Amino acid sequence: MLTKKQREFIRGEYEYEGEYASQKRYQQRKAIRERVRNSLYDFTELFEHLDENEREKIFSPPEDEREPLNQALINLVAFLYKETHVTTTLPNFEYYLKSGVRRATYQLAGSDMYDVDVDFEVRRTSPQDVEWDKIEDKIRFRKWDEFTEGELKWFLRYYAKSDEFDPEIAHEEFEKRFEQFVAETQEAGSQKAKASREKQRPRPDPIETLPEEDENAEDE
């Protein structure tokens, strides 16, 4: 999308000097805008005409390039969300997200005879909105099951930034606890399936027991 010189320019690593510096800066900014917009137009060609094998190769980079590509894709979404969130001349990000997901779903299915629902919601919570005393209470008394999703996110964010956080130890502990969780979940699933089979198993009808006849009784 951008030339090496343009990347350096927007990062502030390249500066025009001399009599026509101002004019050159204006021309470079205009050139960047045009290249970005034309690149966006190219996504129509990529989506509709690029060979499927070529698409897979784009998103299957060598291992050392996976994380940079991952961050680039995150920044792509962030760039689109930020700009369509504030613009007044184009629809907002939700429109593009829902429309794009529907279009991709139709293409993957080879048909548009589907009802595709896409939910999108942004909930923002500031640190001032968090009830830290409740989080502290749940941590102290190990009430892990009572954590809400929002409280858990803030706790993890705070913990990850603390001086006591060690990624390697946390990873090892997480793996150990996750394996234990999976084993317990599988065991619970097996017990539930067994109980379900027991309920569905046909049981013999109860045999009615008649009273024994008294052989010595006289016929009336």
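Residues numbered from 1 in each chain as written. Predicted model: local features only at pLDDT ≥ 70, side-chain atom pairs only at ≥ 80, totals over all residues. Heavy atoms only, no water.

K.L.:
Explain the packing of aromatic side chains here, please?
P.N.:
Each pair of aromatic rings is reported with the distance of its centres and the angle of its planes. Under the criterion given, the structure shown has five aromatic pairs. Look at Phe 9 and Tyr 16: their rings are 5.8 Å apart centre to centre, the planes differ by 55°, and that puts the pair in the tilted class. For the pair Phe 9 and Tyr 16, one class covers both residues: buried. Between Tyr 14 and Tyr 16, the aromatic rings sit 5.1 Å apart at their centres with planes inclined by 80°, giving edge-to-face as the arrangement. Residue classification places Tyr 14 among the partly exposed residues on the basis of a relative accessible area of 28%. Taken together, Phe 9, Tyr 14 and Tyr 16 form an aromatic cluster joined through their ring pairs. (Phe/Tyr/Trp six-rings, centres within 6.5 Å; stacked < 30°, edge-to-face > 60°. Buried < 20%, exposed > 50% of the residue type's maximum accessible area, 1.4 Å probe, protein only.)

K.L.:
What should I look at first to understand a nonpolar patch on the surface in this one?
P.N.:
Where nonpolar side chains cluster on the molecular surface, the patch consists of Leu 40, Phe 43, Leu 46, Ile 58, Phe 59, Leu 73, Leu 76, Phe 79 and Leu 80 and spans about 800 Å² of accessible area. Contributing elements (two or more residues each) for the nonpolar patch: helix 2 (21-49) and helix 4 (63-86). If one sorts the elements of the nonpolar patch by residue count, helix 4 sits on top with four residues. Considering the arrangement of structural elements, one finds Leu 73 in helix 4. For Leu 73, a relative accessible area of 34% puts it in the partly exposed group. (Patch = residues over 30% accessible without salt bridge, like charges linked within 9 Å, V, L, I, M, F, W, Y side chains within 5 Å. Areas by Shrake-Rupley, 256 points an atom, 1.4 Å probe, with all protein chains shown as cover. Salt bridge = Lys/Arg side-chain N within 4 Å of Asp/Glu carboxyl O. Helix = DSSP H or I, 4+ residues; strand = E, 2+ residues; numbered from the N terminus.)

K.L.:
Can you walk me through the pattern of salt bridges in this structure?
P.N.:
Pairing of side chains with opposite charge becomes possible as their charged atoms draw close. This model, assessed by the stated rule, comprises four salt bridges. Ionic pairing is found between Glu 54 and Lys 57, a salt bridge with its closest N-O pair at 3.7 Å. Taken together, the residues span about one helical turn, with Glu 54 and Lys 57 both in helix 3 (residues 52-58) at a distance of three residues. For Glu 54, a relative accessible area of 36% gives the class partly exposed.

K.L.:
Would you take a moment to explain helix 5 (residues 93-109) for this structure?
P.N.:
For an α-helix, the turn length of 3.6 residues means that residues three or four places apart are oriented alike. With 17 residues, helix 5 should reach 24 Å at 1.5 Å per residue; the first-to-last C-alpha distance of 24 Å fits that figure. Following helix 5 by one or two positions, Gly 110 adopts a phi angle in the positive range, close to 70°. (Expected span 1.5 Å × (residues − 1).)

K.L.:
Even after reading the chapter, I still don't get the packing of helix 6 (residues 132-140) against helix 7 (residues 149-161), so can you show me in this structure?
P.N.:
Two quantities define a packed helix pair, namely the angle between the axes and the distance from one axis to the other. At a minimum axis distance of 11 Å, the contact between helix 6 and helix 7 shows a crossing angle of 80°. Taken as axis vectors, helix 6 and helix 7 run roughly perpendicular relative to one another. Where helix 6 abuts helix 7, its residues Trp 132, Lys 134, Ile 135, Lys 138 and Ile 139 lie against Glu 151, Trp 154 and Phe 155. (Axes fitted to C-alpha atoms, helices over the stretch in contact; angles between N-to-C directions. Parallel < 35°, antiparallel > 145°, perpendicular 65-115°, else oblique. Contact = heavy atoms within 4.5 Å.)

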